[in-house]
Structure formats: structure tokens, C-alpha cells
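# Structural description and commentary
Single-letter residue listing:
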Amino acid sequence: MITRTVSKNPRTTRGDLVNDLQRAGTKVTKPTISNTLRRQGLKSCSARRVPLLKPVHVQARLKFAREHLDDPDEDWENVIWSDETKIELFGKNSTRRVWRTKNAELHPKNTIPTVKHGGGNIMLWGCFSAKGPGRLIRVKERMNGAMYREILSENLLPSARALKMKRGWVFQHDNDPKHTARATKEWLRNKHFKVLEWPSQSPDLKPIENLWRELKVRVAQRQPQNITALEEICMEEWAKIPATVCENLVKTYRKRLTSVIANKGYITKY
């Protein structure tokens, strides 16, 4: 009964199970419940936060995965992937483990400086392809459609040239309202850019999410102390990301599609 209940509703608490079993005439303790579930290969974990998927999103994700499942690897190698991300100065990105002796937890070498309301952050726009990282720029003001088009105007083609993209390369961005605004769509059409049709709420289908993670780990290891240093270190570390990292992210793209299909359109691990 314990296993069946938890399989049906993973959010069931041990307290709920104790009460259910008591009503059924069986007295069981919480540790017994934990041990029983552990023997079934189940352990209590924090629920991962994922984008809210409505049925329309699930269907769009499945459609995208099925339509592109048999695309040759060369097609994905000819995509420029783009996105925005926020990097915090003293944020969750700065979690570090340290080797230290007992009672040395407050030695400056063993601590990470924090300030009351976070230490500020910077917004970045970047792009990459299988051949390596493209341009990375800091977005200094709140981004709107006009600013987004300006970023593309100044950085997309130069990135494509630097990455030596083949003729007919494809541009990917998600369905953020700035990206899908009529003026932006028109601008992309006038520039004759091919745009990959994208299913909303699909971070697991964006390999650039993995590249952001890579960047944030590299930046945190260098422990920037102010916003200026944070920006400089972001630029330096982005440029240092090896082309092989980018190549591998794109090379395994079909796996992402098969995972989405296997997971019936729901968010997968990425």
C-alpha cells in the first residue's frame, strides 16, 4: 500500500502514510516507512522546479521532437543557438565546497562574501554553434524589442562570420515576447534569416542552457568581487570555453529529442 500510494502521488508525506495505515488498522512508524520505500528504490528528494507545461506546450514539444528526430547531424551543426541569462555577483552560482580544519569555517579563505540583498547581477546575451562560442554581450538596460533587434543587428552576423557558418544557416531563439514581436519577426524576415520554429517552455531543448551552466561555474570559481570584475570575468571565461564543449552539446542533440518523446512531451533532464 505504501509503495502504491507514493507511486500514484509522489508528494505524499510520511505523516499522510502513517495516518492512512492507522485508519486501515495498522500502526507503522515514519522510519519504517522510509526504510520500506528505500528498499523499493525510492528516496525523498527535493522536487525540481520546471516550467509550467500546459497540454498545448506538451503537444508542441512532442511535435517538434518527432518532426526533427531524423534530421541529420549536419543540420544541427548549422544552427546558431542564442539566449539571455542573468549572472549574480554573490548568488547561488557561487556555492563552493572547501577543505578546512575544524573551527576554521570563518577564515576568509574558507568563506564566500555575501551582501544583504544579493550583490547585484548582470544580464547577458550570447550565442554559439557546434564550432564554438559566438559573441557575448552585456545588456545594460531593461531589454525591449527595439534593443533586442539592435543586439541581433550588431552581433548575429559577425558571430555567423566568425563561426564560419555554412550558407543557409539557421537561427534559434526561444519564444520570449521580445523575440516573437511582430517588428522582430519582420526584421528577421527582411534580413533573410532562417529561424527555427520553437516550442515554448522548452529549456531542455536548448543546448545553450548547458553552456550558461558551464560559464556560471567557471565565473564562480574566480570569485569576482564587484560588477565590473564580474563582467570582465564572464567575457574572459566565455572566450575560453573550448569548441569541443560546444561541438559535443550539438552532437548529442538527437538524444534530447528522443528523451522528450520518451517522456511524453514533459520536461527532461538536461
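Just so it is clear, the structure is predicted and the values come from calculations on it, not from any experiment.

## Quick notes on the pattern of salt bridges
According to the stated counting rule, one finds 15 salt bridges in the structure shown. A salt bridge links K206 to D83; the nearest nitrogen and oxygen atoms lie 3.3 Å apart. Remark: D83 occurs in strand β1 (residues 79–88) and K206 occurs in the loop between β5 (194–195) and α9 (208–222); sequence separation between them is 123 residues. D83 shares its class with K206; the two are buried.

## Considering the sheet that holds β5
Ordered in space as β3-β2-β1-β4-β5, the five strands form an open sheet in which the pairing is mixed. Where the open sheet ends on each side, the last strands, each with one partner, are β3 (132–139) and β5. Against the sheet, helix α11 (residues 243–251) engages β1, β2 (121–129) and β3, with an angle of about 70 degrees to β2.

## Let's talk about the UniProt feature "domain: Transposase Tc1-like" (unreviewed entry) in the protein
When the UniProt feature table is mapped onto this chain numbering, "domain: Transposase Tc1-like" (unreviewed entry) sits at residues 1–70. Within the segment residues 1–70, helix and strand shares are 59% and 0% respectively, and the terminal C-alpha atoms sit 43 Å apart.

## With respect to the packing of aromatic side chains
Tallying each qualifying case throughout the model produces eight aromatic pairs. Between F64 and W198, the aromatic rings sit 5.3 Å apart at their centres with planes inclined by 65 degrees, giving edge-to-face as the arrangement. Highlighted residues: F64 in helix α4 (residues 55–68) and W198 in the loop between β5 and α9, separated in sequence by 134 residues. Neither F64 nor W198 differs from the other in exposure class; each is buried. Of the aromatic side chains, those joined through ring pairs into one cluster are F64, W76, W81, W198 and Y253.

## Examining the domain arrangement of the protein
Many descriptions give the size of an interface as the accessible area lost when the pieces come together. Domain boundaries assigned for the protein yield domain 1 (1–40) and domain 2 (55–263). Placing the centre of domain 1 and that of domain 2 at their C-alpha centroids yields a distance of 42 Å.

## Some points on the nonpolar core
Counting residues in hydrophobic clusters, the biggest one holds 33 residues, and the most contacted among them are W76 and W81. Where this core is concerned, the elements lending two or more residues are α4, β1, β2, α9, α10 (227–240), α11 and α12 (253–262). If one sorts the elements of this core by residue count, α9 sits on top with five residues. If you look at the next biggest cluster of nonpolar residues, it comprises 19 residues, including W125, I151, A160 and M165.

## So, the pairing of β1
Counted residue by residue, β1 has eight buried out of ten residues, so it is predominantly covered. Where β1 and strand β4 (residues 170–172) come together, three bridges link them in parallel fashion. Across the sheet, the residue bridging to W81 is Q172, located in β4. Sheet analysis places β1 next to β2, joined by eight bridges and oriented antiparallel. For S82, the partnering residue across the bridge sits in β2 and is C127.

Here is what the cut-offs are and how they apply
- Residues numbered from 1 in each chain as written.
- Predicted model: local features only at pLDDT ≥ 70, side-chain atom pairs only at ≥ 80, totals over all residues.
- Heavy atoms only, no water.
- Salt bridge = Lys/Arg side-chain N within 4 Å of Asp/Glu carboxyl O.
- Helix = DSSP H or I, 4+ residues; strand = E, 2+ residues; numbered from the N terminus.
- Buried < 20%, exposed > 50% of the residue type's maximum accessible area, 1.4 Å probe, protein only.
- Pairing = 2+ DSSP bridges.
- Contact = heavy atoms within 4.5 Å.
- Axes fitted to C-alpha atoms, helices over the stretch in contact; angles between N-to-C directions.
- UniProt positions renumbered as here; feature names shortened; annotations may be inferred.
- Phe/Tyr/Trp six-rings, centres within 6.5 Å; stacked < 30°, edge-to-face > 60°.
- Domains from an automatic or database assignment.
- Core = buried A, V, L, I, M, F, W, Y, C linked by side-chain atoms within 4.5 Å.

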